[in-house]
Amino acid sequence: DTLSTVIEVRNNEVISSPATFVGLSLSKCITDSDSVFYEGISCTKIDREGKPSKRIVTLSENNFKFFVTKHRLKRALCSKKMKHMKCIDIADITHVKTGFVSTQSLEFMKKTQRGFCSGGVVSIFFHETDDGRTILNLIINDKTQRDNLINLLKRLLETYHNCKLHVGNLDLLVRYVWNDIDADQNGGLDEKEVNKLLKRLNAHSIKSSELHKSFITEVGTKNGLLSFSQTMSFLHTLKGLGEKSTEDLIWDQVFGKDTEHVSKEEFLQKFLLQHQHETNLDDLKVREIFDHSHKMEIGALCLDNTQTSGEFKRPHFDSYLHGKFNSVFDHDDEEHDESCMTSPLSHYWINTSHNTYLTGSQLTSYSSVEVYMNVLQRGCKCVEIDCWDGWLEENDTKSPVPVVHHGYTL
């Protein structure tokens, strides 16, 4: 079914939720056992130097963020003050590991903390942030809470990454920064917050303030606030008044400046076959593209009641150009072909790493197993392991423990 905008009513005022399809899907995967995470659970965080400190992990009400704080949060505060708190967005999390996974901070803790037990460790890997931290290592001694957190993270991650494919890129970006922009958490953006959003998107100009006022008057919003859907529509309107984007220039070149929508046949003949020369595509593929696009949550079309499933509009075209159907990578090449494996090894490009174990400079940085996990997940096929004699085990004078590090640099 075509995705519809999910709305909520607050004080008799209709307000759209950010990235509604993803948000609704996340809320549906929450179970009764997950309610404890809205209140927060106690744990121990391991910092970069392997030092432990008590923390509380709390899930935001919209299920998009996890907060790691010194003190327990009230659910009301979790929304109002979230922009001032250390948190991890579900969009940034890549994977979750349990037990001792040899991250650098856990290696430090193992050396410095007596009685360290890795059984309760949960490591959350996420995209690099401003402070460069990419792994959150927690010790959760309560097995039930630990297992529930792991299961919750896996469900949220799977749901998010499946559902984001049905949401436009700009919608996902605005959702990502929405809680920072909507400082008072009232579900809508006033003029000051809209200007702040435009600066975050590098789209602010003198004309944008004037356009915002006229847009408010035109759509008749209550209290001068723009909902998420109205904000996306406003951004689309603002985009049309500035310099034309590459997407619009392509549309004008292929379909004409005055063309507002195209049919499946026009899209196939004029763009896919004549412009892109994708001769392997046919009517069935175009139908699949159109069906997928009309199931997308595209903010620029949320307020458009004139669209039909048999036509492509500019926002659909924008979404297609940046989506999976227009990927520069040919996924057919992912199929393994044994007939191509007969040439000498030097004839192949191999994704290779040098001094893989180093976390930074070969003169001053540490060696860590964490780096091996990182490069292997990024597709590296050949790693380097410099293995040296290390220290002796207690009461053993013959078997030094092997260690990996950079030797004889100078």
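These numbers come from a predicted model, not from an experiment. (Residues numbered from 1 in each chain as written. Predicted model: local features only at pLDDT ≥ 70, side-chain atom pairs only at ≥ 80, totals over all residues. Heavy atoms only, no water.)

Before going further, it helps to examine the overall build of the chain. A count of helical and extended segments in the chain gives 14 helices and 13 strands. Long-range pairs, those at least 24 residues apart, make up 55% of the contacts in the chain between residues at least 6 apart in sequence. Working note: accessible area of the chain is about 23900 Å², and carbon and sulfur atoms make up 50% of it. (Helix = DSSP H or I, 4+ residues; strand = E, 2+ residues; numbered from the N terminus. Contact = heavy atoms within 4.5 Å. Areas by Shrake-Rupley, 256 points an atom, 1.4 Å probe, with all protein chains shown as cover.)

Attention now goes to the packing of helix α11 (residues 264–275) against helix α13 (residues 314–321). Pairs of packed helices are described in terms of their axes, by the angle between the two and the distance that separates them. Direction vectors running N to C along α11 and α13 enclose 45 degrees, while the axes themselves pass 14 Å from each other. With respect to α13, the axis of α11 lies oblique. Read as a crossing pair, α11 and α13 show a hand that is right-handed. Residue-level inspection shows F267, F271 and L272 of α11 in contact with α13, the latter providing F317, Y320 and L321. Grouping the constituent residues of the contact of α11 with α13 by class yields six nonpolar, no polar and no charged. (Axes fitted to C-alpha atoms, helices over the stretch in contact; angles between N-to-C directions. Parallel < 35°, antiparallel > 145°, perpendicular 65-115°, else oblique. Left-handed = near helix turned anticlockwise from the far one by under 90°. Nonpolar A, V, L, I, M, F, W, Y, C, P; charged D, E, K, R; others polar.)

On to the nonpolar core. Ranked by size, the top nonpolar core spans 34 residues in total, and within it V22, L59, F66, I93, L156 and Y160 carry the most contacts. With eight residues, the single largest contributor to this core is helix α5 (residues 143–163). Filtering out sequence-adjacent residues up to four positions away, F66 remains in contact with V57, T58, L59, K86, C87, I88, L149, L152, L153 and L156. (Core = buried A, V, L, I, M, F, W, Y, C linked by side-chain atoms within 4.5 Å. Buried < 20%, exposed > 50% of the residue type's maximum accessible area, 1.4 Å probe, protein only.)

In this fold, D386 is placed in the loop between α14 (369–377) and β12 (387–392). Sequence separation of D386 and N355 is 31 residues, and the distance between their C-alpha atoms is 7.8 Å. In this structure the side chain of D386 is engaged in a polar contact, spanning 2.4 Å, whose partner is the side chain of Y357. (Polar contact = N/O pair within 3.5 Å; in protein donor to acceptor, adjacent residues only side chain to side chain.)

Moving on to the sheet that holds strand β5 (residues 65–69). Within a sheet, adjacent strands bond to each other through the backbone by hydrogen bonds, running parallel or antiparallel. Taking strand neighbours across the sheet as the criterion, the seven strands line up as β6-β5-β4-β3-β9-β8-β7 in an open arrangement whose pairing is antiparallel. Both outer strands of the open sheet, β6 (87–89) and β7 (93–98), are each paired with one neighbouring strand and no more. If you compare each strand with its neighbour and ignore which way they point, the axes differ by 30 degrees on average. Alignment of β7 against strand β8 (residues 121–126), held across five bridges, turns out to be antiparallel. Note on β8: the bridge partner recorded for H95 is F125. (Pairing = 2+ DSSP bridges.)

For D92, the location among the structural elements is in the loop between β6 and β7. Given a relative accessible area of 14%, D92 falls into the buried group. Considered as a pair, D92 and L157 are 65 residues apart in the sequence and their alpha carbons are 9.6 Å apart. Here Y176 takes part through its side chain, which lies 2.5 Å from a polar atom of the side chain of D92.

This part is about α5. Relative to the 30 Å expected for 21 residues at 1.5 Å per residue, α5 spans 30 Å between its end C-alpha atoms, a close match to the ideal helical length. Buried within α5 we find R146, L149, I150, L152, L153, L156, L157, T159, Y160 and C163. The opening residue of α5 is D142, an N-cap whose side-chain oxygen sits 3.0 Å from the backbone nitrogen of T144. (Expected span 1.5 Å × (residues − 1).)

In this section: the packing of aromatic side chains. Under the definition given, this model contains eleven aromatic pairs. Each ring, one from W251 and one from F317, has its centre 5.5 Å from the other, and the planes form 65 degrees; the classification is edge-to-face. With W251 in helix α10 (residues 246–255) and F317 in helix α13, the pair connects residues that are 66 residues apart, well separated along the chain. Here W251 and F317 have matching classes, each one buried. Each member of the aromatic cluster is reached from another via a ring pair, and the members are W251, F255, F267, F271, F290, F312, F317 and Y320. In this structure, R175 is placed above the aromatic ring of F64, and the distance from its NZ or CZ to the ring centre is 3.9 Å. (Phe/Tyr/Trp six-rings, centres within 6.5 Å; stacked < 30°, edge-to-face > 60°. Lys NZ or Arg CZ within 6 Å of the ring centre and 35° of its normal.)

Turning next to a negative patch on the surface. A surface patch of like charges, here negative, comprises D330, D332, D333, E334 and E335. Within the element layout of this structure, D330 appears in the loop between α13 and α14. Residue D330 is classed as partly exposed on the basis of its relative accessible area, which comes to 40%. (Patch = residues over 30% accessible without salt bridge, like charges linked within 9 Å, V, L, I, M, F, W, Y side chains within 5 Å. Salt bridge = Lys/Arg side-chain N within 4 Å of Asp/Glu carboxyl O. Lys, Arg positive; Asp, Glu negative; His and termini not counted. Charge placed at Lys NZ, Arg CZ, Asp CG, Glu CD.)

The next point concerns the pairing of β5. Burial analysis of β5 places five of its five residues in the buried class, which makes it a mostly covered element. Residues of β5 alternate between two faces, with K65, F67 and T69 on one and F66 and V68 on the opposite face, all of them buried. In this antiparallel pair of consecutive strands, strand β4 (residues 52–59) and β5, the connection spans five residues, and N63 shows a positive phi of 70 degrees. As defined by bridge partners, β5 adjoins β6 across three bridges and the pair is classed as antiparallel. When the bridges of β6 are listed, F67 appears paired with C87.

Take the pattern of salt bridges next. Applying the stated criterion across every chain, the model contains seven salt bridges. Residue D34 is joined to R155 by a salt bridge in which the shortest nitrogen-to-oxygen separation is 3.0 Å. Linking D34 in the loop between α1 (20–28) and α2 (36–39) with R155 in helix α5, this pair joins segments that are 121 residues apart in sequence. Among the residues examined, D34 registers a relative accessible area of 0% and is labelled buried.

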